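Given next are the chains, with one letter for each unit.
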Amino acid sequence: MHVVPGLKVLYFGTPVVLISSLNEDGTANLAPMSSAWWLGQSCMLGLGNGAQTTANLLREGECVLNLPSSAMVDAVDRLALTTGKAVVSDHKAKQGYRHEPDKFSVARLTEQASDLVRAPRVAECPIQLECRVVSAHPFGSPSPSATAFQVEVVRAHVEEELVLPGTHYVDPLGWDPLIMKFCEFFGGGHTIHPSRLAEGWNMPHLHRSTAG
Ligand SMILES: Cc1cc2nc3c(=O)[nH]c(=O)nc-3n(C[C@H](O)[C@H](O)[C@H](O)COP(=O)(O)O)c2cc1C
C-alpha cells in the first residue's frame, strides 16, 4: 500500500561533489554539494542563491567538480555548515552555519593547480573535473531560490588505479563515491545485478567481470 506522506525532502541519493571556485579576492572557496547530474561531457548543478559558490560561478564562469570517495567523508563533513559568504544570512545562521574563509584548511585538504581553469583542484579527490559554466538558469518553485548551472567538463583527471587499463573508462568496481541520501552519508558500492545498459554500451568492465 502506498501512502501520501507529503514529502518535505526529495534527496533520494546522489554523489557528493566538492566544488572549488575562486572568490572575489582570488582565494579559493570549497563547498560540498550533491544536486548534480551528468550527461555526455556536461553537468547540471543545483546551487542555492545564498551560497558563495553561486556568486563565484556567476562571476568567474569556472569551477572544479572534485568527487570524494566514501573514505573522505570526514573531510566533507568538516565543511558542512560553513560558508564562504562573509555575511551569514539569518536563515543559515539559524541552521548553525558559520563564515569560513579558508575551507581547504578546515577540511584538511590540499589545493592543486588546475590545467585549464583558475580554480584549484582538491588533490585528495580521486576524480577532478575542470569545468566552464555554459549557462545559468533560475531554479525552484513557486519562486526561484536556486540557480541551475550547466557546466562543460573541459578536463577530467582520474586517479590512475581507477582507470580500466588501456581504456578511457572509470572502473565502476574500484570507484566508491560518497553518496548523500536524505542528508545522510553512504558508501561502499557493490555490483548487485548484470546491467543491460552496460551491455548495450559495450562497457569494458562487463567484459572483464564476465571473463573473470
Ligand atoms: C553533503 C552536502 C550536500 C549538499 N548539497 C548541496 C546542494 O546540492 N546544493 C546546495 O546549494 N547546497 C548544498 N549543500 C549546502 C552547501 O554546502 C551550503 O549552501 C554552503 O553554504 C555552500 O558553501 P558556500 O556558501 O561557501 O558556497 C550541501 C551540503 C552538504 C554537507
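Before reading further, recall that the structure is shown in the block above.
Calculation rules
Residues numbered from 1 in each chain as written. Predicted model: local features only at pLDDT ≥ 70, side-chain atom pairs only at ≥ 80, totals over all residues. Heavy atoms only, no water. Near = heavy atom within 4 Å. Polar contact = N/O pair within 3.5 Å; in protein donor to acceptor, adjacent residues only side chain to side chain. Areas by Shrake-Rupley, 256 points an atom, 1.4 Å probe, with all protein chains shown as cover. Helix = DSSP H or I, 4+ residues; strand = E, 2+ residues; numbered from the N terminus. Nonpolar A, V, L, I, M, F, W, Y, C, P; charged D, E, K, R; others polar. Buried < 20%, exposed > 50% of the residue type's maximum accessible area, 1.4 Å probe, protein only.

Q: Describe the site of the ligand, listing the residues and the values that go with them.
A: Taken together, the neighbourhood of the ligand is formed by 21 residues, with S35, T53, T83, G84 and K92 sitting nearest. Within the contact set of the ligand, an oxygen atom lies 3.0 Å away from a backbone nitrogen or oxygen of S34. A distance of 2.5 Å is found between an oxygen atom of the ligand and a side-chain nitrogen or oxygen belonging to T53. Contact with the protein chains removes 86% of the 630 Å² of surface that the ligand exposes when unbound. When contributions to the shell around the ligand are tallied by element, the ones reaching two or more residues are β3 (28-33), β5 (42-48), α1 (52-60) and β7 (82-83). A per-element tally of the shell around the ligand places β3 first, with four residues. Considered class by class, the residues forming the shell around the ligand number nine nonpolar, ten polar and two charged.

Q: Residues and numbers for unusual backbone geometry, please.
A: Geometrically, the link from S141 to P142 is a cis peptide bond, its omega value of 5° lying close to zero. Checked against the element boundaries, P142 lands in the loop between β11 (127-139) and β12 (146-158). A positive phi angle, close to 60°, is found at R108, a residue other than glycine. Following the sequence through the fold, R108 ends up in the loop between α4 (103-107) and β9 (111-112). Look at R108 and you get exposed, because its relative accessible area is 61%. For N202, which is not glycine, the phi dihedral falls at a positive 60°. One can find N202 in the loop between α5 (196-200) and α6 (204-211).

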